[in-house]
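# Structural characterization, general
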Amino acid sequence: GINAEYGGTTGDLTIKYDSIHNSFSLGFRFEVTEQDEGQYTLYFYRCPQQPSTFVPPDYNLEAIITAKNGLSYLSVGEQPLIVVYIMIGLVYFAMSWIWIKVMVYYSSNLFKIHYLMAALVIAKFLASTLHSIDYYFISSQGKTDEAWAILWYIIHLVRGLLLFISLALIGMGFAFVKHVLSYNEKLILATVVPLQVVANVAYIIIDSSEETALYYGWWKKLLIFVDLLCCGAIIFPIMWSIRHLQQATERSDNKTALILSQLKLFRRFYILVVVYIYITRIALEFLKVVLPFEFVWCSEFLREVSTIIFFSITGFKFRPYVSNPYYKILDEEDDEDEYEMSAVVGDGETLRSRHLEGPAGDRDEEV
């Protein structure tokens, strides 16, 4: 039999039998009043006569569900996301404009990582804009527009790659204090890039499918595992840099103050990355579960605000500015390298004092 429970709401239930195709069609209209508003989930159960034995499905189920809240096809908790992502996109646009202005002003102190950071902020701006457009089409038409959805997925992939590559390179000190990566650091990059591709593929599959899909749960678990693995991978280079700087303070005498300032900078960056990962990957996911249905959008809003704060602090700490501890160390090392090279060349040219003997007696001569 079929039991329909409406929980205080009103609706119409119709059942039709098609003798030609030997099929049943069930249709109902479910209307929720203001007193009964909440989050509703539709489940389909098939109960075999012998629950202890597995019975393979002997039916085909096709469901066409149209859910609408007033003039919008989005749920109440998702409707504010259109405005949220537009506002976030404007903030990222302003951040990208400010960062480019700083790069132009301090063009003599730029490194390749600064261009990568600029590309990351621009990618975040494009991603937020495309995400708001995607939600607009869902709200107005009930489905995504394929062209805009494809652009959103591409930018989402690029954004993820730029984020983890930038954080890994900053943690390695690449271009700031060294221009060559070690074998372990190259291995980290070679691991993070394909993992991010896998994570984004899993995200696309999850975003474009329903929870009842066959492999939905498997892809979701894979996404969480790979994403946390990438987060852990970018922490190792920062820890290595901190350890090397601690060892450098024990060996160096003339540059101890500069190395200590750089060590302090890396320790703060390590704490910043750990806090950012904890907030965006753990705390906000828990918040999404406990929030009321009409405030689900707050978790995404707080995620973007946390990312903006993280980007702002990181950009300020590693901006192209001459007083940055990175550049002081680099300038000192360049001056020392030039001095050592001059000394080597001088020895090769026999710029030294020699004791010469001549008819007039012993004399010293500078040659």
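Residues numbered from 1 in each chain as written. Predicted model: local features only at pLDDT ≥ 70, side-chain atom pairs only at ≥ 80, totals over all residues. Heavy atoms only, no water.

## Considerations on the overall build of the chain
Selection criterion: Secondary structure elements follow DSSP: runs of H or I no shorter than four residues count as helices, runs of E no shorter than two count as strands, and numbering proceeds from the N terminus. Only protein chains enter the accessibility calculation, which uses a 1.4 Å probe; a residue is then buried when its area is under 20% of its type maximum, exposed when over 50%, and partly exposed in between. What makes two residues a contact is simply this: any of their non-hydrogen atoms within 4.5 Å. Working definition of accessibility: Shrake-Rupley area with a 1.4 Å probe, residue cover restricted to the visible protein chains.
Each helix and strand counted, the chain has eight helices and four strands in total. The linear arrangement of helices and strands in the chain, starting from the amino end, is β-β-α-α-α-α-α-α-α-α-β-β. Looking at the chain as a whole, 32% of its 367 residues are labelled buried. Within the chain, residue pairs in contact and separated by at least 24 positions form 63% of the contacts whose partners lie at least 6 positions apart. Roughly 24,100 Å² of accessible area belongs to the chain as shown, and the carbon and sulfur atoms make up 61% of that amount.

## Considering the pattern of salt bridges
Applicable threshold: Every case where a carboxyl oxygen of Asp or Glu lies within 4 Å of a side-chain nitrogen of Lys or Arg is listed as a salt bridge.
This model, assessed by the stated rule, comprises five salt bridges. For Glu304, the salt bridge is made with Lys124, and the minimal N-O distance between the two is 3.6 Å. In this pair, Glu304 is assigned in helix α7 (residues 297-317) and Lys124 in helix α2 (residues 112-141), connecting sequence segments 180 residues apart. Take Glu304 and Lys124: they sit in the same class, and that class is buried. The partner of Arg281 in a salt bridge is Asp227, with the nearest N and O atoms 2.7 Å apart. Here Asp227 lies in helix α5 (residues 216-251) and Arg281 lies in helix α6 (residues 256-290), a separation of 54 residues in the sequence.

## Overview of the confidence of the model for the chain
This is how it is decided: How sure the predictor is of each residue is captured by pLDDT, a score from 0 to 100.
Looking at the chain, pLDDT values average 79 and 78% of them are 70 or higher. For residues 329-367, every residue scores under 50 in pLDDT, and the model assigns this stretch 30 contacts once sequence neighbours within four places are set aside.

## A short note on the environment of Phe174
By the secondary structure assignment, Phe174 is in the loop between α3 (146-172) and α4 (183-207). Of the residues examined, Phe174 reaches a relative accessible area of 22% and is grouped as partly exposed. Beyond its immediate stretch of four places on either side in the chain, Phe174 contacts Leu169, His179, Val180 and Leu181.

## Focus: α3
Here is the rule we go by: In this analysis, the expected span of each helix is defined as 1.5 Å times one less than the number of residues it contains.
Spanning 27 residues, α3 covers 39 Å between terminal C-alpha atoms, matching the ideal 39 Å at 1.5 Å per step. Once α3 finishes, Gly173 follows within two positions and takes phi at roughly 75°, a positive value.

## Quick notes on the packing of aromatic side chains
Rule in force here: Only rings of Phe, Tyr and Trp enter the pairing, Trp through its six-membered ring, and a pair is recorded when the two centres are within 6.5 Å. The plane angle decides the type: under 30 degrees is stacked, over 60 is edge-to-face, the rest tilted.
By the definition in use, this model includes 12 aromatic pairs. Summarising the aromatic geometry, the rings of Tyr85 and Tyr135 are spaced 6.1 Å apart at their centres and angled 10° between planes, so their arrangement reads as stacked. Of the two residues, Tyr85 sits in helix α1 (residues 81-105) while Tyr135 sits in helix α2, which places them 50 residues apart along the sequence. In this structure, Tyr85 and Tyr135 share a single accessibility class: buried. Considering the side-chain rings of Tyr276 and Phe310, the 4.3 Å spacing of their centres and the 10° angle between planes classify their relative orientation as stacked. Taken as a pair, Tyr276 in helix α6 and Phe310 in helix α7 lie far apart in primary sequence, 34 residues in all. Of the two residues examined, Tyr276 and Phe310, each falls in the buried class.

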